[in-house]
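If you want the building blocks of each chain, they are given just below.
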Amino acid sequence: QVQVVESGGGLVQAGGSLRLSCAASGSMFSINAMGWYRQAPGKQRELVAVISSGGSTNYADSVKGRFTISRDNAKNTVYLQMNSLKLEDTAVYYCNALIRSSDYSVKPYWGQGTQVTVSS
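Everything numeric here is computed off the predicted structure, so don't read it as measured data.

Concerning the overall build of the chain
Here is step 1 of the chain: Looking only at helices and strands, the chain has zero helices and 11 strands in total.
Here is step 2 of the chain: When the helices and strands of the chain are placed in sequence order, the string is β-β-β-β-β-β-β-β-β-β-β.
Here is step 3 of the chain: Taking 14 Å as the expected radius of gyration for a compact globule of 120 residues, we find that the chain reaches 14 Å, a close match to that expectation.
Here is step 4 of the chain: Along the longest, intermediate and shortest principal axes, the C-alpha atoms of the chain span 50 × 25 × 25 Å.
Here is step 5 of the chain: Buried positions account for 36% of the 120 residues belonging to the chain.
Here is step 6 of the chain: Sequence-distant contacts in the chain: of pairs separated by 6 or more residues, those separated by 24 or more amount to 55%.
Here is step 7 of the chain: For the chain, the computed accessible surface area is about 6400 Å², with 48% contributed by carbon and sulfur atoms.

Describing the pairing of strand E3 (residues 18-25)
Here is step 1 of the chain: Two strands pair when backbone bridges link them, and strand E1 (residues 3-7) and E3 are joined in this way by five bridges, in the antiparallel orientation. From the neighbouring strand, Gln3 faces E3, where its bridge partner is Ser25.
Here is step 2 of the chain: As defined by bridge partners, E3 adjoins strand E8 (residues 77-82) across six bridges and the pair is classed as antiparallel. Bridge pairing in E8 links Leu20 to Leu80.

Notes on the nonpolar core
Here is step 1 of the chain: Trp36, Leu80, Met82 and Tyr93 are the most contacted members of the largest nonpolar core, which has 29 residues in total.
Here is step 2 of the chain: Put simply, the parts of the chain that give this core at least two residues each are E3, strand E4 (30-39), strand E5 (46-51), strand E7 (67-72), E8, strand E9 (91-100) and strand E11 (114-119).
Here is step 3 of the chain: At five residues, the largest contribution of residues to this core is made by E9.
Here is step 4 of the chain: Excluding residues within four positions of it along the chain, Tyr93 makes contact with Glu6, Leu20, Trp36, Tyr37, Arg38, Val48, Phe67, Leu80, Met82, Gly113, Thr114 and Val116.

Here's the deal with the state of the cysteines
Here is step 1 of the chain: Counted under the stated rule, the structure contains one disulfide.
Here is step 2 of the chain: Here Cys22 engages in a disulfide with Cys95; their sulfurs sit 1.9 Å apart. Note on the Cys22 and Cys95 pair: the S-S dihedral is about -85°, so by sign convention the disulfide is left-handed. Separated by 73 residues along the polypeptide, Cys22 in strand E3 and Cys95 in strand E9 bring together distant segments of the chain.

Considering the side chain of Arg66
Here is step 1 of the chain: Secondary-structure assignment places Arg66 in the loop between strand E6 (57-59) and E7.
Here is step 2 of the chain: A polar contact of 2.8 Å, which involves the side chain of Arg66, links it to the side chain of Asp89.
Here is step 3 of the chain: Beyond its immediate stretch of four places on either side in the chain, Arg66 contacts Gln81, Met82, Asn83, Ser84, Leu85, Lys86 and Asp89.

About the cut-offs
- Residues numbered from 1 in each chain as written.
- Predicted model: local features only at pLDDT ≥ 70, side-chain atom pairs only at ≥ 80, totals over all residues.
- Heavy atoms only, no water.
- Helix = DSSP H or I, 4+ residues; strand = E, 2+ residues; numbered from the N terminus.
- Rg over C-alpha atoms; globule rule 2.2 N^0.38 Å.
- Buried < 20%, exposed > 50% of the residue type's maximum accessible area, 1.4 Å probe, protein only.
- Contact = heavy atoms within 4.5 Å.
- Areas by Shrake-Rupley, 256 points an atom, 1.4 Å probe, with all protein chains shown as cover.
- Pairing = 2+ DSSP bridges.
- Core = buried A, V, L, I, M, F, W, Y, C linked by side-chain atoms within 4.5 Å.
- Disulfide = S-S within 2.5 Å.
- Polar contact = N/O pair within 3.5 Å; in protein donor to acceptor, adjacent residues only side chain to side chain.

This is the structure we're talking about:
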């Protein structure tokens, strides 16, 4: 019933910028934290950035100072502004949302992923 969909991925040159969006929809009481993860070929999925319902943020050291996570609670949407992109940022980026149901249970939901490719 709950759907999480990412958009905004694509091909960008090193040093360029890209903005990812993730929208959650369906039956839910509220959304707690939302975050972005990424997985490069041959590597494990890793945390990129997370943002709480109150707006607190955390970033991986590798993206700190270059990426900015934000959210629009009214639209149930989280964004990831990626600047100064590097070749190492190439990966499939996944959106995750911690969603609370009416019974107060909190469950993570994942998007299908969006490909980000940084070229030289």
